[in-house]
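# Structural characterization, general
Residue strings, one per chain:
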Amino acid sequence: MQPTKTKVLLAEDDLSLGYVIKDNLEQEGYQVVLCPDGEEALHSFQKEEFDICLLDVMMPNRDGFSVAKKIRQKSDIIPILFITAKSLEEDRLKGFATGADDYITKPFSMKELLARIEVFLRRSKRLYSDQEQEFKLGNLRFSYTDLKISNENEETSLTQKEADLLKFLCEHRNHILRREEVLLNVWGKDDYFLGRSMDVFITKLRKHFKSDPNVNLETIHGVGFRFNTP
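The notes below deal with the structure included here.

Conventions we followed
- Residues numbered from 1 in each chain as written.
- Predicted model: local features only at pLDDT ≥ 70, side-chain atom pairs only at ≥ 80, totals over all residues.
- Heavy atoms only, no water.
- Phe/Tyr/Trp six-rings, centres within 6.5 Å; stacked < 30°, edge-to-face > 60°.
- Buried < 20%, exposed > 50% of the residue type's maximum accessible area, 1.4 Å probe, protein only.
- Helix = DSSP H or I, 4+ residues; strand = E, 2+ residues; numbered from the N terminus.
- Lys NZ or Arg CZ within 6 Å of the ring centre and 35° of its normal.

## Observations regarding the packing of aromatic side chains
- Counted by the stated rule, this structure contains seven aromatic pairs.
- Aromatic side chains Tyr192 and Phe193 sit 5.2 Å apart centroid to centroid with 75° between the ring planes, which places their arrangement in the edge-to-face category.
- Using a relative accessible area of 16% as the deciding quantity, one classes Phe193 as buried.
- Here Phe209 and Phe227 contribute two aromatic rings whose centre-to-centre distance is 5.2 Å and whose plane-to-plane angle is 35°, an arrangement assigned as tilted. With a gap of 18 residues between them, Phe209 in the loop between helix H8 (192–208) and strand E11 (216–220) and Phe227 in strand E12 (residues 224–228) connect regions that are remote in the sequence. Per residue, the accessibility class of Phe209 equals that of Phe227, and both read buried.
- A connected cluster of aromatic rings, assembled from ring pairs, spans Phe65, Phe82 and Tyr103.
- For the cation-ring pair, Lys7 lies above Phe50, with the distance from its terminal atom to the ring centre recorded as 5.3 Å.
- For the cation-ring pair, Lys167 lies above Tyr144, with the distance from its terminal atom to the ring centre recorded as 5.2 Å.

## Considerations on the environment of Glu26
- Its place among the elements puts Glu26 in helix H1 (residues 15–27).
- Here Glu26 falls in the partly exposed class, since its relative accessible area comes to 33%.
- With 20 residues separating them along the chain, Glu26 and Thr6 place their C-alpha atoms 9.8 Å apart.

## Regarding unusual backbone geometry
- The peptide bond linking Lys106 to Pro107 adopts the cis configuration, its omega dihedral lying at -10°.
- Positive phi outside glycine occurs at Asn61, with the angle close to 70°.
- Looking at where Asn61 falls in the secondary structure, it is placed in the loop between strand E3 (52–56) and helix H3 (64–74).
- What makes Asn61 exposed here is its relative accessible area of 65%.
- We note that Leu147 has phi near 55°; this positive angle belongs to a residue other than glycine.
- Mapping Leu147 onto the fold places it in the loop between strand E7 (140–143) and strand E8 (148–150).
- Using a relative accessible area of 13% as the deciding quantity, one classes Leu147 as buried.

Written out as structure tokens, the structure is:
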């Protein structure tokens, strides 16, 4: 049972399923706002504060991808979990590109959904409770709190997921990290599609290190990565 009322935005056009999810979450102590389409979900998000968003992919008026994009323009931190009947790789990758943290594919058990939600809520609590953290990486400075990486000449903003990944790499710098270890600690589970998403974020991070050749994110083929810093 949740000690406080964690607020969930649930967008699901299949209202029979929506009410089943809503009832089960409320039994566990969550407060749930159920929206029957993407437009209403976005309207609710703009009016109220939520702790996590559960978005069906295929909805009338505005699909889940579009809603997630709009949410990400306002918040990099709030977890977004897609609920979908689709399991195609391109749909999952598109979802991660729009800012989703994870997918759950219909049909699913409420036990599985609750477990996924709890993973991301624990992550959010860590983000909000962390003391200010700054890491020196050669001639670069990375502020996890401010989501910034900078050198003498420029400062670049990071997304929350880029910052989460870079923070984990900083905490284990100059050591070999297995792919599954990174996925479990940053994404909450080891999954093929999340692995593809992680590779995209690794490529994005490497671009930020170009100003210092002594800082590099090395791929150890068949194993994982090593973040090499002075």
